[in-house]
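# Breakdown of the fold
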Amino acid sequence: MARCHVAKFTDDELGMKRGITRRDLLNGMLVGGGAAALTAALPGGAAHASSGHGGGSAYPPGSNGVVGQTDAARTVGHNVTFGGAHPGPARDLREQYDLVVVGGGVSGLAAAYFYRKAFGSRARVLVLEALADFGGHQHRNEFRVQGRMLLSNGGMVNLDSPDTWNSPSLNLMEDLGIDFAKLAEGVDTGYYTSKGLGTGYFFPEESFGADTLVKRGASEPLSTLIARLPLSETARADILKVENTTEDYFPGLSDADKKQRLARISYADYLRRHVGVGEEALVFYQRRTHGLWGTGIEAVPAGDCWGTGLPGFKGLGLEPTPYNGIGRTPAMSLTTTDEELYYFPDGGATVSRLLVSRLVPGVFSGRQTMESVITARADYGRLDRSGADVRIRLNAMATDVRHRRGTRGPVDVEYVSGGKTYRVSGSHVVMACWNSVASYIVPGLPAAQVEAMRYGVKVPLVYARVALRDWRAWERAGISRVTPYDTFWDSCSLATPTHQGGYESARRSDQPIVVTLSKTPNQPGLPITRDQHRAGRRLLLETSFSDYEREIRDLMQRALGPSGFRASKDIMAITVNRWSHGYAYEYNSIADPVIFKPVAEQPFVRARRPFGNITIANSDAGAFGYTHAAIDEAARAVKELT
């Protein structure tokens, strides 16, 4: 992870003190500046309504106030879940449900939906969600600038490769009325190119001698771009070699043997030892793997990189088929024939919103479609109403889930909200939270299962969203995205253009727009992905919101300032979505030798075994951080209860 550097401009020049809307979301919860007393700061700072615990009227996707979990609450939450601290005696609400779902992300919401299909529409369900909004990583960022609604994903981006999906996820999409063809039609993938906008590659002066923005035109050959990079002649030649090589670096080996060789070395080692690339040229590729795996090229197998289309393998003549040991993302990439982009303006949040509209009809006005729900406003006060068949209780962190008698009969669920502990019960429970959390709060689990549940380490992520009053500077620069090298951020781009339902993103450069920046914090050099994730999480939590903001402003000012961008005036709002526990951990053939064994013997399968009337959902249960994986695991967890 590139640590924060000294900004080139002063805070006044960058507009750090300007009165704009600032939101800092840690794992989907708005983080406040002050620390409440620990006894009042337990998870669930904004107590849920309609249960006699208090209430609140904040609108999580666009709230400007401090709601939800403070930094102190996060600290205490970790103490309760992982540290064994006792949150205090529970008040029994005497609420009994057919199903209690722990976790209100897409897997938990899908589990509630599948359960009611299996057990009947009168089944009573309670969904407990620790965050201030439903949807989990399917989070929505909402801005209003100059009277226009601006939307962006705050977490999960798009629906990937539906031609590889299983029937539970496909059937749910059909039930929700999601038409993939229509969804793809609403994404203007060629819009920026049609306006002549290409990509800018930014090289900062700290590492390259001078701030340099190299523009690649929309149809410019890669070779001419490489010739203009601020690198040595040797490094440029190395990059051209990687991009164009037709040499077979494993002559005499079969297709299967070549793939097994690639499975056991990193992409960095492949480029160094076989293609013959020097260290300077590796800078050009170091972060190519961040978006999918959250780590640098020294921790991702070369075979996985081949499977997702990274360069350097053309001469090997490999058959485009998966092999034993390949990761699930590259296997999906090799299997799919679908190249469309299935993207809602708020990323995956639309899926969760549609699920909520079916589970608790009064939250949205009228029956929602995939188009109408995009701009519909949710009435959060109706999520948890007494007497409703389905209730969704936000700001409620489960701390103890146990059978009342052995592994049979009802399950008591204790949770903390507003600094107090409460108890409800369910005939069945689906644990749709992180596996590691479940392993601590479900007492009595077999030791082998606990070990398996703690095996994976979630990928830390940072998604910053910046509302601009216009994007004239981008148009003048002739680019729609900036790929920075050796800087804090991994990427910076104008929002994907969409026109769906009543929502249409900016079509003129004088209109407000959202800029998306991403970062997967890690520690380059560590060869094991789980170690990189742990190091990245520590660094993520050590970085203050002001540091994130300064890095946003500094990068955009340095890259776009020559084209007229002024960070002090053009930035209208900033939201930083910090997911210290982001994507589910995906096994790879370097860090996880167990990937070569039968699937039934892998930790994620052992981790999801049912425990009496408690079953396990979530994307961790499939070791695959995608929406369809989370839905499939929800379907399996419910089936195990029937």
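For the structure, see preceding data.
Criteria and cut-off values
Residues numbered from 1 in each chain as written. Predicted model: local features only at pLDDT ≥ 70, side-chain atom pairs only at ≥ 80, totals over all residues. Heavy atoms only, no water. Helix = DSSP H or I, 4+ residues; strand = E, 2+ residues; numbered from the N terminus. Rg over C-alpha atoms; globule rule 2.2 N^0.38 Å. Buried < 20%, exposed > 50% of the residue type's maximum accessible area, 1.4 Å probe, protein only. Contact = heavy atoms within 4.5 Å. Areas by Shrake-Rupley, 256 points an atom, 1.4 Å probe, with all protein chains shown as cover. Lys, Arg positive; Asp, Glu negative; His and termini not counted. Charge placed at Lys NZ, Arg CZ, Asp CG, Glu CD. 1 Å grid on protein atoms, 1.4 Å probe; cavity = no way out; pocket = protein on both sides within 12 Å on 5 of 7 lines; lining within 4 Å. Points joined across faces, edges and corners; volume = space filled by probe spheres on them. Nonpolar A, V, L, I, M, F, W, Y, C, P; charged D, E, K, R; others polar. Axes fitted to C-alpha atoms, helices over the stretch in contact; angles between N-to-C directions. Parallel < 35°, antiparallel > 145°, perpendicular 65-115°, else oblique. Core = buried A, V, L, I, M, F, W, Y, C linked by side-chain atoms within 4.5 Å. Salt bridge = Lys/Arg side-chain N within 4 Å of Asp/Glu carboxyl O. Pairing = 2+ DSSP bridges. Phe/Tyr/Trp six-rings, centres within 6.5 Å; stacked < 30°, edge-to-face > 60°. Lys NZ or Arg CZ within 6 Å of the ring centre and 35° of its normal. Arc of directions from axis to C-beta. Polar contact = N/O pair within 3.5 Å; in protein donor to acceptor, adjacent residues only side chain to side chain.

When helices and strands are tallied, the protein chain shows 25 helices and 20 strands. The C-alpha radius of gyration of the protein chain comes to 24 Å, within 12% of the 26 Å expected for a compact globule of 642 residues. Viewed in the frame of its principal axes, the protein chain has a C-alpha envelope of about 75 × 60 × 45 Å. Within the protein chain, the proportion of its 642 residues that are buried is 61%. Pairs at least 24 residues apart make up 74% of the contacts formed inside the protein chain by residues separated by at least 6 positions. In the form shown here, the protein chain has an accessible surface area of approximately 24000 Å², with 48% of it arising from carbon and sulfur atoms. Mean positive and mean negative side-chain charge positions of the protein chain (73 and 67 charges, respectively) differ by 5 Å.

Considering only enclosed or pocket space, the second largest pocket measures out at about 540 Å³ in volume. Contributing to the lining of the second largest pocket are 27 residues, with Arg328, Val599, Phe604, Gly622 and Phe624 lying nearest its centre. Looking at the lining of the second largest pocket, the elements with two or more residues in it are helix H15 (328–335) and helix H25 (627–639). Among the residues making up the lining of the second largest pocket, the classes are represented as 12 nonpolar, 9 polar and 6 charged.

Okay, the packing of helix H3 (residues 106–119) against helix H4 (residues 167–176) next. In the contact formed by H3 and H4, the axes pass within 12 Å of each other and the chain directions differ by 85 degrees. As far as their axial angle goes, H4 and H3 are roughly perpendicular. The residues of H4 that touch H3, namely those facing Ala110, Tyr113, Phe114 and Lys117, are Pro168, Leu172 and Asp175. When its residues are assigned to classes, the contact of H3 with H4 shows 5 nonpolar, no polar and 2 charged.

Next up on the list: the nonpolar core. Phe114, Leu159, Leu172 and Met173 are the most contacted members of the largest nonpolar core, which has 58 residues in total. The leading source of residues in this core is H3, at 8 residues. In this structure, phenylalanine 114 is in contact with Pro168, Leu172, Ile631, Ala634, Ala635 and Val638, ignoring residues within four places of it in sequence. Within the second largest apolar cluster, 41 residues are counted, among which are Leu231, Tyr285, Ala302 and Trp306.

We now examine the pattern of salt bridges. Throughout the structure, instances matching the rule amount to 39 salt bridges. The residue aspartate 188 makes a salt bridge to arginine 507 at a minimum N-O spacing of 2.2 Å. Of the two residues, aspartate 188 sits in the loop between helix H5 (180–185) and helix H6 (191–194) while arginine 507 sits in the loop between strand S17 (503–504) and strand S18 (513–519), which places them 319 residues apart along the sequence. Grouping residues by exposure puts aspartate 188 and arginine 507 together as buried. As a salt-bridge pair, arginine 272 and glutamate 279 come within 2.6 Å of each other at their nearest N and O atoms. Given the relative accessible area of 34%, arginine 272 is considered partly exposed. Connected through shared salt-bridge partners, Lys8, Glu205, Glu206, Asp211, Asp554 and Arg558 make up one network.

Let us look at the sheet that holds strand S15 (residues 491–494). Across the sheet, which stays open at both edges, the 9 strands sit in the order S2-S1-S19-S13-S18-S15-S14-S7-S8 with mixed pairing between neighbours. At either end of the open sheet lies a strand with only one pairing partner, and these are strand S2 (29–30) and strand S8 (212–216). In terms of strand pairing, strand S13 (residues 459–468) meets S18 through 7 bridges, oriented antiparallel. Looking at the pairing, valine 466 lines up with valine 515 of S18. The strands that helix H22 (residues 545–560) touches are strand S1 (21–26), strand S7 (198–203), S8, S13, strand S14 (479–484), S15, S18 and strand S19 (571–583); relative to S19, the one it contacts most, it runs at about 120 degrees.

We now examine the packing of aromatic side chains. Scanning the model with the defined rule gives 27 aromatic pairs in all. Here the aromatic rings of phenylalanine 203 and phenylalanine 208 are separated by 5.0 Å at their centres, their planes lie at 80 degrees, and the arrangement is edge-to-face. Here phenylalanine 203 and phenylalanine 208 have matching classes, each one buried. Note on phenylalanine 250 and tyrosine 270: the rings are 6.3 Å apart at their centroids and 55 degrees apart in plane angle, and the pair reads as tilted. Linking phenylalanine 250 in the loop between helix H9 (233–244) and helix H10 (255–263) with tyrosine 270 in helix H11 (residues 267–275), this pair joins segments that are 20 residues apart in sequence. For the pair phenylalanine 250 and tyrosine 270, one class covers both residues: buried. Put simply, the rings of Tyr201, Phe203, Phe208, Phe284, Tyr285 and Tyr485 touch in pairs and so form one group of aromatic residues. Geometry around phenylalanine 596 places arginine 264 over its ring, the cationic atom sitting 4.2 Å from the centre. Across from the ring centre of phenylalanine 624, 4.1 Å away, lies the NZ or CZ of arginine 328, which sits over that ring.

Our next topic: unusual backbone geometry. Although it is not a glycine, arginine 94 adopts a positive phi angle of roughly 55 degrees. Within the fold, arginine 94 resides in strand S3 (residues 90–102).

Structural remark: α-helix, 3.6 residues per turn; residues separated by three or four positions point the same way. What H10 keeps buried is the set Lys258, Lys259, Leu262 and Ala263. One face of H10 carries all of its buried residues, which in axial projection span an arc of 140 degrees. For H10, the secondary structure elements touched by its buried residues are H11 and helix H14 (302–307).

Attention now moves to the side chain of threonine 543. Within the secondary structure layout, threonine 543 lies in the loop between helix H21 (529–542) and H22. In this structure the side chain of threonine 543 is engaged in a polar contact, spanning 2.8 Å, whose partner is the backbone oxygen of leucine 539.

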